[in-house]
Amino acid sequence: MLRVRLIEEAVADRYHLDNEMRCPVHLSIGQEAVSAGVCLALRRDDQIVTTHRGHAHYLSKGGDLNAMLCEFHGKAPGCCGGRGGSMHLFDSDAGVLMSAPIVASSIPVGVGAALGMKQAGSDAVAVVFLGDASVEEGVFHESANFAAIRKLPVIFVCENNLFSVYTPLDQRQPDRPLTDLAAAHGLACMQVDGNDCEAVYNATAKAAAAARAGEGATFILADTYRWREHCGPYYDNDLGYRSVEEFERWKSRDPVEMQRSRLAEAGLLQAEAETRLAAEIAAEIDRAFEFALNAPFPDAETAGDHVFA
Ligand SMILES: Cc1ncc(C[n+]2csc(CCOP(=O)(O)OP(=O)(O)O)c2C)c(N)n1
């Protein structure tokens, strides 16, 4: 969690430096407990799919940091050869199958991965990360229905950060639990505090055990909050679509700080170890940025590669 936080803060800090990162960035700062808690409960051969807000999922599943930062800089060693930007992250070795910015478009891909796992007789699971706006798309319902009827080993993790860009949930959906939508399709449902990494881990471990045992799909609703603007490195509370009071209330429940103090109180994290850990992560981040900045751009002669239409 701390590593993801520090990496995303470094991306935000360096975003406009010399204009070297040209792609949009959708940061998960404030939401890290979801990616950390989920991915800690997964195996390397489990697969995830994610959205435009996917850096934290990619990193938590073990995606390569150099390849991610090269992608942000449009460089050839990027995970999409420098052509995809921050919203197209994948790492097949780590089980990051895809990310895509079209809202809800990755959901059926994750369900398809789960179908493939079941047909192959594997006990791996697929995790579909989605935002609260994704359940407003028809393909979510088709996918949930298919996952339920086929008892697929898939876990839908809905990160409810209360907003679709600037529009709050209560202006988009009637007042009913989001889990009702999944329950209506016959999925097992759980709701967790999405700022509590251990709660997210426990829910995911339970859902993964059920999926591996052939009991089918689960929908986990994780309530959390994005701190920065919808897209970009800054804060945007001045826009007025959410109140400073609401923002401060969520910020006082910082998921990284909550876990840090929990570990410290249990005697599992000493100040010295924490300082060393932060320094190691900072050095790793510096090395990765240096790698990305020094990496070559794709060869101009390859501009037509992968273009099909
Ligand atoms: C099909 C589609 N409609 C609209 C958009 C524009 N859009 C990009 S992100 C976004 C909000 C998504 O909200 P949510 O799924 O809750 O994820 P969050 O950004 O809050 O993490 C929208 C509407 C899009 N990318 N794709």
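Look up: the structure comes first, before these words.
These remarks concern the structure in this document. Values in this document were obtained by computation on a predicted structure and should not be read as measured data.

What counts, and where the lines are drawn
- Numbers given for residues are sequential positions, taken from 1 along each chain in its written order.
- It should be noted that, the model being predicted, local features are given only for residues of pLDDT at least 70 and side-chain atom pairs only at 80 or more, the latter also being counted only at that level, while totals for whole chains, interfaces and linings use all residues.
- Values reported for side chains reflect all heavy atoms of the structure, with hydrogen atoms and water molecules removed beforehand.
- Should a side-chain nitrogen of Lys or Arg be within 4 Å of a carboxyl oxygen of Asp or Glu, the pair is scored as a salt bridge.
- Segments assigned H or I by DSSP are reported as helices when at least four residues long, segments assigned E as strands when at least two residues long, and all are numbered from the N terminus.
- Exposure is judged per residue with a 1.4 Å probe applied to protein chains only, and the accessible area is read against the type maximum: over 50% gives exposed, under 20% gives buried, and values in between give partly exposed.
- When DSSP finds two or more bridges between a pair of strands, those strands are recorded as paired.
- Only the contacting stretch of a helix is used when fitting its axis, a line to C-alpha atoms as for every element, and angles between N-to-C directions run 0 to 180 degrees.
- Every residue pair with non-hydrogen atoms within 4.5 Å of one another is taken to be in contact.

1. Section: the pattern of salt bridges
- Following the criterion strictly, the structure yields 16 salt bridges and no others.
- Across the pair Asp123 and Arg43 runs a salt bridge, and its minimum N-O distance is 2.6 Å. Taken together, the residues Asp123 in the loop between α5 (107-119) and β3 (126-131) and Arg43 in the loop between α2 (32-40) and β1 (47-50) connect sequence positions 80 residues apart.
- Look at Arg43 and you get partly exposed, because its relative accessible area is 29%.
- In this structure, Asp46 engages Arg212 in a salt bridge whose closest nitrogen and oxygen atoms are separated by 2.7 Å. In this pair, Asp46 sits in the loop between α2 and β1 while Arg212 sits in helix α8 (residues 197-212), placing the two residues 166 residues apart along the sequence.
- Given the relative accessible area of 0%, Asp46 is considered buried.

2. Structural notes on the sheet that holds β3
- Taking strand neighbours across the sheet as the criterion, the 6 strands line up as β2-β1-β3-β4-β8-β7 in an open arrangement whose pairing is parallel. Of all the strands in the sheet, the pair left with one neighbour each is β2 (96-99) and β7 (188-193). Direction aside, the axes of adjacent strands within the sheet are offset by 15° on average.
- The pairing of β3 with strand β4 (residues 154-160) spans 6 bridges and is classified as parallel. Following the sheet pairing, Phe129 is matched in β4 by Val157.
- Its contacts with the sheet put α2 on β3, β4 and β8 (218-223), and the angle it makes with β3 is roughly 170°.

Honestly, that's just the spatial picture; any functional story needs more than this.
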